[in-house]
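# Structure assessment
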Amino acid sequence: AQKVTQAQTEISVVEKEDVTLDCVYETRDTTYYLFWYKQPPSGELVFLIRRNSFDEQNEISGRYSWNFQKSTSSFNFTITASQVVDSAVYFCALSVLYGNNRLAFGKGNQVVVIP
Amino acid sequence: DVKVTQSSRYLVKRTGEKVFLECVQDMDHENMFWYRQDPGLGLRLIYFSYDVKMKEKGDIPEGYSVSREKKERFSLILESASTNQTSMYLCASNQRSYSAKNIQYFGAGTRLSVL
């Protein structure tokens, strides 16, 4: 079975600070994908980023960056220079090759950006 | 753009009522999913469907059933609503894939209160 752990529940930062969200996953599969989703107060989950298990290259996309390390089963996500619009719940999720396209979600991180 | 539409944003029902939550997607996706979101528990999969009239139980199917008569529509049914089914319900869809990579697209959610 797959498991995703997001240890932090609520994180408060002052605007323009960086915020890093931790995600640790468990799976026995060697082929899998990791995702980050954002859920603003409106409720709809919005896809942010995806990374497959064979690509550990870390990237930056605008103010978002991620750090994928298979050795520690971690897929951490950073928002640089946070803005009030970044206030949301962020979910890490995992899908595996033979998992019927199911996603296993972490419990989410509530990010509050204080102006 | 992919659009997943849930028929109601807010719903208030009485204990024992039969409740229908409707979800429609416009991208010809084979897979559709129903999740329940509760504080501190993240998203939990109730049921999913990989084709018309096909369904599989998720992690918490008890007290729920589903119907998929048309490809674009996936209904979640609470046969006899109970107060512990008060929650946020999210519908999602994606293309069937034999890898694990396909992004799930979500509706805005239905916040159900059972009194």
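Quick caveat, the model's predicted, so the values are computed rather than measured.

Conventions adopted
- Residues numbered from 1 in each chain as written.
- Chains lettered and ligands numbered in written order.
- Predicted model: local features only at pLDDT ≥ 70, side-chain atom pairs only at ≥ 80, totals over all residues.
- Heavy atoms only, no water.
- Salt bridge = Lys/Arg side-chain N within 4 Å of Asp/Glu carboxyl O.
- Buried < 20%, exposed > 50% of the residue type's maximum accessible area, 1.4 Å probe, protein only.
- Disulfide = S-S within 2.5 Å.
- Helix = DSSP H or I, 4+ residues; strand = E, 2+ residues; numbered from the N terminus.
- Polar contact = N/O pair within 3.5 Å; in protein donor to acceptor, adjacent residues only side chain to side chain.
- Contact = heavy atoms within 4.5 Å.
- Pairing = 2+ DSSP bridges.
- Axes fitted to C-alpha atoms, helices over the stretch in contact; angles between N-to-C directions.

## Digging into the pattern of salt bridges
Residues and elements named next belong to chain B. Using the criterion set out here, one finds eight salt bridges over all chains in the structure. For the salt bridge of Arg36 with Asp38, the shortest nitrogen-to-oxygen distance reads 2.8 Å. In terms of burial, Arg36 and Asp38 fall into one category: buried. Salt bridges sharing common partners tie together Arg36, Asp38 and Arg44.

## Concerning the state of the cysteines
Overall, the coordinates contain two disulfides over all chains when judged by the stated rule. Each disulfide pairs two cysteine sulfurs, and for A:Cys23 the partner residue is A:Cys92, the sulfurs being separated by 2.0 Å. One quick way to see it: the torsion about the S-S bond of A:Cys23 and A:Cys92 is about -70°, and its sign makes the bridge left-handed. Pair noted here: A:Cys23 is in the loop between strand E3 (19–21) and strand E4 (24–26) and A:Cys92 is in strand E10 (residues 88–96), with a separation of 69 residues, a long-range link. Overall, the relative accessible area of 0% leaves A:Cys23 in the buried class. For A:Cys92, a relative accessible area of 0% gives the class buried. Covalent S-S linkage joins B:Cys23 and B:Cys91, the inter-sulfur distance amounting to 1.9 Å. Taking the sign of the S-S torsion, -80° for the link of B:Cys23 and B:Cys91, the bridge is left-handed. Of this pair, B:Cys23 sits in strand E3 (residues 19–25) while B:Cys91 sits in strand E9 (residues 87–94), and the two are 68 residues apart along the sequence. The exposure classification of B:Cys23 matches that of B:Cys91, with both residues buried.

## Digging into the side chain of A:Ser74
All names here are of chain A. For Ser74, the location among the structural elements is in strand E9 (residues 74–79). For Ser74, the side chain forms a polar contact with the side chain of Thr72, separated by 2.9 Å. Look past the residues within four positions of Ser74 in its chain and what remains in contact with it is Cys23, Val24, Tyr25, Asn67, Phe68 and Gln69.

## A short note on the sheet that holds strand E1 (residues 4–6) of chain B
All names here are of chain B. Spatially, E1-E3-E8-E7 is the arrangement adopted by the four strands of the open sheet, whose pairing is antiparallel. This sheet does not close on itself; its edge strands, each paired only once, are E1 and strand E7 (64–70). With strand direction ignored, the average angle separating the axes of adjacent strands in the sheet is 20°. Across six bridges, the pairing between E3 and strand E8 (residues 73–78) is antiparallel. What sits directly across from Phe20, in E8, is Ile77.

Coordinates in, geometry out; function isn't part of it.
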